[in-house]
Amino acid sequence: MSRYLVPLFGLAALLLIGFYSYRALVQEQIEFPLIETADADIVDRLPTEPDDWIGAIDYRGLNQRFEELSARPEMAGLAIAIVEEAELRYVRGFGVIDKRSGESVTPQTVFRWASVSKGVAGALAAKLSEEGQIDLDQTLNRWQTSLKLPGDATAQISLAQLMSHQTGLTKNAYDRKLEDGEYPGQLRARLSTAPLQCLPGTCHSYQNIAFDTASEILGQATNSIYDDAVQTQLFEPLGMESAQFGMAGLTQAESWARPHRGDKVRILSESYWRLPAAAGVNSNIVDMARWLSAQMSAHDDILSKATLAIAHASLIRTGRVYGGDLARALTEPSYGLGWRSFTYRGRRLVGHSGAVDGYRATIIFDPEARTGVAAMWNSGWGLPFGIPFAVLDSFYGPRLDQESQVDWLDLSDLPTPKPLEPSDRDAP
């Protein structure tokens, strides 16, 4: 018997040697490509440095102007992203998240989107419409909502008209009551006795509380909570990891911008976070740039061209946007599903801006050129709303009529800022 065992042991030893040799060889062949992809973070690194800023836009010149803007006493922190030809070409943070601590804003700092959030609701509604899950022309009374309108206008107004602010209600109806702590559902029910600016469906009148009825409808359409539907169908597929709803979505971030009025840090209020479709989103500037790119067909598998066409379509003419020179420069202002559109220098632009106490945000882009800007800052100063137009001016080149050229970032008429004294910086 032993004479048979010796060859068997020998054969087993040879098999073991062969197995481990094969395993080592295969591991080397499998692991080698992993070494090749180890530099993926370097390839995908954010364009935060001058050597990364490549394109038709004068990034270095604009960066200098952004630094000057962020140094103004009216400012605290600022985050900007520029997408040129559907590619992220520039992203940077400026200033501080809190004037008391002096902690710097980075591309990972989370800000509030405020009313830029309305475009998220619009994109989801357009996506569900394109997929046949909702009918945008269906009247509101076909859904179970808390909204009541004067004269039972819910039987006349469609979801598309609701999301393009055609309820007829006076502008920002009952917003002050929301700020005073009243609940959105109760306020929507009481809108039945609110004054009208025009007959429902005949004019544009900007709303927050009424607009947020969309969160109830889109939640029902997806058999979920609105916030979860957005996360599942939009933010997660787009890789927007920092994009969250509610106050906790801001304050639980590792770096988050505190709201400022001048040098004073404001106390956060839950009020507008209670309107997730109207004003509920927070994120860092990198994820806002991802959202911006998606609006320019960079992620056609998630937001198709047909979906974007529905979301961005002009449904009703509006009054002027912004004020002063900027209002005069933006012609043919219109509103779609949570998105504004207007003509600037002969080109159609799409976007939205937002403002809540101590925060401002804006997204403006040229769909045809697939170029645009996202910016957020933690103060109430309005001058940075000109940032996208300064960037687009650089992209488009000089005007033929030089007399009509406006410098949207002109600080020359403002007093020279004084540096904060240590005692001021540390004040509560």
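Just above sits the structure.
Residues numbered from 1 in each chain as written. Predicted model: local features only at pLDDT ≥ 70, side-chain atom pairs only at ≥ 80, totals over all residues. Heavy atoms only, no water.

1. A short note on the packing of helix α4 (residues 118–130) against helix α13 (residues 305–312)
Condition: Note on geometry: axes are C-alpha line fits, over the in-contact stretch for helices, and angles between N-to-C directions span 0 to 180 degrees. Secondary structure counts use DSSP, requiring at least four H or I residues in a row for a helix and at least two E residues in a row for a strand, with both numbered from the N terminus. Angle categories are assigned with fixed cut-offs, so that under 35 degrees is roughly parallel, over 145 is roughly antiparallel, 65 to 115 is roughly perpendicular, and the rest are oblique. Note: crossing handedness is left-handed where the near helix turns anticlockwise from the far helix by less than a right angle, and right-handed where it turns clockwise. Note on contacts: a residue pair is in contact if any heavy atoms of the two residues lie within 4.5 Å. Under the scheme applied here, ten amino acids are nonpolar (Ala, Val, Leu, Ile, Met, Phe, Trp, Tyr, Cys and Pro), four are charged (Asp, Glu, Lys and Arg), and all others, including Gly, are polar.
Contact geometry of α4 with α13 gives a least axis separation of 8 Å together with a crossing angle of 125 degrees. Of the possible angle classes, the one that applies to α4 and α13 is oblique. The interaxial crossing formed by α4 with α13 has right-handed handedness. Contacts between α4 and α13 involve G122, A123, A126, K127, S129 and E130 from the former and A306, T307, I310 and A311 from the latter. Across the contact of α4 with α13, the residue classes break down as 5 nonpolar, 3 polar and 2 charged.

2. Quick notes on the pairing of strand β13 (residues 371–377)
Short version of the rule: A 1.4 Å probe rolled over the protein chains alone gives each residue an accessible area, and that area as a share of the maximum for its type sets the label: buried under 20%, exposed over 50%, partly exposed in between. Criterion used throughout: strands pair if DSSP finds at least two bridges between them.
With 7 of its 7 residues buried, β13 lies for the most part within the structure. Residues T371, V373, A375 and W377 of β13 are buried on one face, and the alternating residues G372, A374 and M376, pointing to the opposite face, are buried as well. By the bridge criterion, 7 bridges tie strand β12 (residues 359–366) to β13 in an arrangement that is antiparallel. Within β13, the residue paired with T362 across the bridge is A375. Taken together, β12 and the strand that follows it, β13, pair antiparallel across an intervening segment of 4 residues, in which R370 is found at a positive phi of about 55 degrees.

3. Focus: the pattern of salt bridges
Side chains that differ in sign of charge can pair as their charged atoms come close. Here is the rule we go by: Here, a salt bridge means any Lys or Arg side-chain nitrogen found within 4 Å of an Asp or Glu carboxyl oxygen.
Tallying each qualifying case throughout the model produces 20 salt bridges. With a shortest N-O distance of 3.4 Å, R45 and D52 are connected by a salt bridge. Residue D52 is classed as buried on the basis of its relative accessible area of 18%. Among the salt bridges present, the one from D407 reaches R65, with a minimum N-O distance of 2.9 Å. Taken as a pair, D407 in the loop between α15 (387–396) and α16 (422–425) and R65 in helix α3 (residues 59–70) lie far apart in primary sequence, 342 residues in all. Take D407: its relative accessible area is 38%, and that puts it in the partly exposed class. In this structure R65 comes out as partly exposed when scored by relative accessible area, which is 27%. Here the salt bridges do not stand alone but share partners, grouping E84, E85, E87 and R89 into one network.

4. Points about the sheet that holds strand β7 (residues 281–284)
Taken together, the 3 strands give an open sheet; going across it, the order is β3-β7-β4, and neighbouring strands pair in antiparallel fashion. Each end of this open sheet is capped by a strand with a single partner; those strands are β3 (110–112) and β4 (244–245). Taken together, the 3 bridges between β3 and β7 define a ladder with antiparallel strand orientation. Considered in β7, the bridge of F111 is made with S283.

5. Section: the layout of surface pockets
The test is simple: Both cavities and pockets are sets of points on a 1 Å grid over the protein atoms alone; in a cavity a 1.4 Å probe fits but cannot get out, in a pocket the set is open with protein on both sides within 12 Å along at least five of seven lines, and lining residues sit with an atom within 4 Å of a point. Grid points are joined across faces, edges and corners, and a volume is the space filled by probe spheres set on the points.
In this structure, the largest pocket spans a volume of roughly 880 Å³. As for the largest pocket, its lining consists of 38 residues, and the residues nearest its centre are S115, N172, Y206, N208 and A355. At the level of secondary structure, the elements contributing two or more residues to the lining of the largest pocket comprise α6 (175–179), β10 (340–344), β11 (347–356) and β12. Here the lining of the largest pocket takes 6 residues from β11, the largest share from any one element. Taken together, the residues of the lining of the largest pocket sort by class into 14 nonpolar, 14 polar and 10 charged.

6. Let's talk about the packing of aromatic side chains
We apply this condition: Pairing of aromatic side chains here covers Phe, Tyr and the six-membered ring of Trp, requires ring centres within 6.5 Å, and sorts the geometry by plane angle: under 30 degrees stacked, over 60 edge-to-face, intermediate tilted.
Under the criterion given, the structure shown has 18 aromatic pairs. Plain terms: the ring middles of Y322 and F385 are 5.6 Å apart, the flat faces sit at 45 degrees to each other, and that makes the pair tilted. Note that Y322 is positioned in the loop between β8 (316–317) and α14 (324–329) and F385 in the loop between β13 and α15, a separation of 63 residues in sequence. Since its relative accessible area comes to 29%, Y322 is described here as partly exposed. Consider the rings of Y322 and F389, whose centres lie 6.3 Å apart with planes at 80 degrees: the pair is edge-to-face. Of the two residues, Y322 is situated in the loop between β8 and α14 and F389 in helix α15; the sequence distance between them amounts to 67 residues. These aromatic residues form a ring-pair network of at least three members: Y322, F342, Y344, W377, F385, F389 and W408.

7. Comments concerning the packing of α4 against helix α9 (residues 226–235)
Closest axis-to-axis distance for the α4/α9 pair is 11 Å, and the angle between their directions is 75 degrees. One element, α4, and the other, α9, form an angle in the roughly perpendicular class. Where α4 approaches α9, its residues V120, A121, L124, K127 and L128 are matched on the opposing element by Y226, A229, V230, Q233, L234 and F235. Here the residues of the contact of α4 with α9 are counted per class, giving 9 nonpolar, 1 polar and 1 charged.

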